[in-house]
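For reference, the chains in residue letters:
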Amino acid sequence: MEGNIANMGQFIGAGMACVGMGGAGIGVGLVAGNFLAGALRNPAAAGEQTATLFIGIAFAEALGIFSFLVALLLMFAV
Amino acid sequence: MAEGGSGLNIHPMEQFEVRSLFGDGPVHWYTPSNAMLWMALAVILVSVVMVYGSRGRALVPGRMQSIAESIYGFSHKMVEDVTGKQGLKYFPYIMTVFMFILGANVLALIPGAFASTSHIAVTALLALAVFISVTVIGFARHGIGFLRLFWVASAPTVALRIILAVIELISYFVRPLSHSVRLAGNMMAGHAVLKVFAGFAGALGAVAFVPILAITAMYGLELMVAVVQAYVFAILTCVYLNDALHPGH
């Protein structure tokens, strides 16, 4: 194992940025789980709300994607 | 990046390199590159499906006509549901973007293909086009009243409204970033994961069937992600358009 301390910082930082993806996972799980809970109570209304489901998932996911972006920037752009 | 790591020799990001199709010369904007080729193929695929599908106009649709009709009906309903009747004026653009991203995403799943939508340059252009046109539409339709989008009049106190206005302003300008990075990030991550698993299969030898089974499952997931991300991009375009058409909360 060789290399300078800046590379080490890059790798550690990129790894730490990936923790943010866990938050996105929790968020997407909450959105989908709550949708399912609501949909099972009132299946007739569920079909019209799938668009809202995907919008909610997309917004929850966006912040995880930002952390992925930070990891990529640290690995390849710094 | 460290060169020549020990053990596994996987280069998951190599597949995203833009190369010249002919020779090894530098890539200028006019050089025929693999990105250009696969985006053109996506356009050709979409054109063939839609033109060939809508040519027969049979009363009982055949296969191609069913595909074209259901995609058209699906995106028409999506635009109408989210933006209302006024948004239908912008339906052709939204469907074009949707079909292009869908075509590019699905074509990228062919082994050896180039994932053009995994490049921020491609998705940022699409997202910026949406962002700028939505802002222009908002100001053109409502004038200065478009700024009501940032002023949450239903909030109880003025101090809270000011704080919310700052947050809304930030979230408005982050839109093109998240809009583009979501699509590019999802596609890039998916293809990189497939490549990493393929590298495992190459390294394991006799027990390679385990990663190959995993790749098969991941491939199914990626196919779903490709479709869902095209849908998400299109529906977020509708949501942003809806904000421009009906500002205020």
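This structure is a prediction, so every number in the text was calculated from the model and none was measured.

Colleague: What am I meant to see in the overall build of chain B here?
Modeller: Per the secondary structure count, chain B includes six helices and zero strands. The buried share of chain B, reckoned over its 249 residues, is 41%. Surface accessibility of chain B: about 13500 Å² in total, with carbon and sulfur atoms responsible for 72%. In chain B, the 13 positive side-chain charges and the 10 negative ones have mean positions that sit 13 Å from each other.

Colleague: Explain the overall build of chain A here, please?
Modeller: Within chain A, the regular secondary structure consists of four helices and zero strands. The order of helices and strands in chain A, counted from the N terminus, is α-α-α-α. What you see for chain A is a C-alpha radius of gyration of 18 Å, clearly larger than the 12 Å of a compact globule of 78 residues, by over 25%. Dimensions of chain A, computed from C-alpha atoms along their principal axes, come out at roughly 60 × 20 × 15 Å. With 78 residues in all, chain A has 28% of them scored as buried. For chain A, restricting intrachain contacts to residue pairs at least 6 apart in sequence, the fraction spanning at least 24 positions comes to 79%. For chain A, the exposed surface amounts to about 5000 Å²; the carbon and sulfur share of it is 73%.

Colleague: How should the interface of chain B and chain A be read in this particular structure?
Modeller: By a frequent convention, interface size equals the accessible area lost on bringing the separate parts together. Chain B puts 20 residues into the contact, and the matching count from chain A is 14 residues. Both faces combined, the contact of chain B with chain A buries some 1500 Å², and carbon together with sulfur accounts for 84% of it. There are one residue pair in polar contact (both at pLDDT 80 or more) connecting chain B and chain A. Grouping the constituent residues of the side of chain B that touches chain A by class yields 15 nonpolar, four polar and one charged.

Colleague: Is there a simple way to explain the environment of Tyr240(B) in this structure?
Modeller: By the secondary structure assignment, Tyr240(B) is in helix H6 (residues 209–245). With 158 residues separating them along the chain, Tyr240(B) and Val82(B) place their C-alpha atoms 9.7 Å apart. Discounting chain neighbours no more than four positions away, the residues touching Tyr240(B) are Phe59(A), Val130(B), Val134(B), Arg175(B), Ser178(B) and His179(B).

Colleague: So what exactly am I meant to see when it comes to empty space enclosed by the protein here?
Modeller: Where empty space is left can be seen by rolling a probe of water-molecule size over the atoms. Residue and element names in this part refer to chain B. Tallied over the full model, the rule gives two cavities of 30 Å³ or more. Taken as a whole, the largest cavity holds about 50 Å³ of empty space. If you trace the largest cavity, you find it lined by Ala127, Val130, Phe131, Val134, Tyr172, Arg175, Pro176, His179 and Tyr240. Counting residues per element, the ones that place at least two in the lining of the largest cavity are helix H4 (120–142) and helix H5 (158–204). Taken together, His179, Arg182, Leu183, Gln229, Val232, Phe233 and Leu236 form the lining of the second largest cavity. Elements represented by at least two residues in the lining of the second largest cavity include exactly H5 and H6. Among the elements that line the lining of the second largest cavity, the one with the most residues is H6, at four residues. A per-class count over the lining of the second largest cavity returns four nonpolar, two polar and one charged.

Basis of the calculations
Residue positions are given per chain, counting from 1 as you read along its sequence in written order. Labels are handed out in written order, letters beginning with A for the chains and numbers beginning with 1 for the ligands. For this predicted model, a pLDDT threshold of at least 70 governs which residues receive local features, and a threshold of 80 or more governs which side-chain atom pairs are given and counted, while totals over whole chains, interfaces and linings are taken from all residues. In computing side-chain values, all of the structure's heavy atoms are included and hydrogens and water are not. Comment: elements are numbered from the N terminus, with helices defined as DSSP H or I runs of at least four residues and strands as E runs of at least two. Remark: exposure states derive from per-residue accessible area (1.4 Å probe, protein chains only) relative to the maximum for the residue type, with buried under 20%, exposed over 50%, and partly exposed in between. Only the protein chains shown count as cover for residues, and all accessible areas are computed by the Shrake-Rupley method using a 1.4 Å probe. Neither His nor the chain ends is counted toward charge; the positive residues are Lys and Arg and the negative residues Asp and Glu. In this description, the location of a charge corresponds to atom NZ of lysine, CZ of arginine, CG of aspartate or CD of glutamate. Each radius of gyration is computed over the set of C-alpha atoms, and the globule rule expresses the reference value as 2.2 Å times the number of residues to the power 0.38. Contacts are assigned to residue pairs with any non-hydrogen atoms lying within 4.5 Å of each other. Here the quantity called buried area is the accessible surface, traced with a 1.4 Å probe, that two parts lose on coming together, added over both. Polar contact criterion, stated in full: a pair of N or O atoms within 3.5 Å, where within protein one must be able to donate a hydrogen and the other to accept it, and residues adjacent in sequence count only if both atoms are side-chain atoms. In this classification, Asp, Glu, Lys and Arg are treated as charged, Ala, Val, Leu, Ile, Met, Phe, Trp, Tyr, Cys and Pro as nonpolar, and every other residue, Gly included, as polar. Any residue with an atom within 4 Å of a point lines the site, the site being either a cavity, points on a 1 Å grid over the protein atoms alone where a 1.4 Å probe fits but cannot get out, or a pocket, an open set with protein on both sides within 12 Å along at least 5 of 7 lines. Grid points are joined across faces, edges and corners, and a volume is the space filled by probe spheres set on the points.

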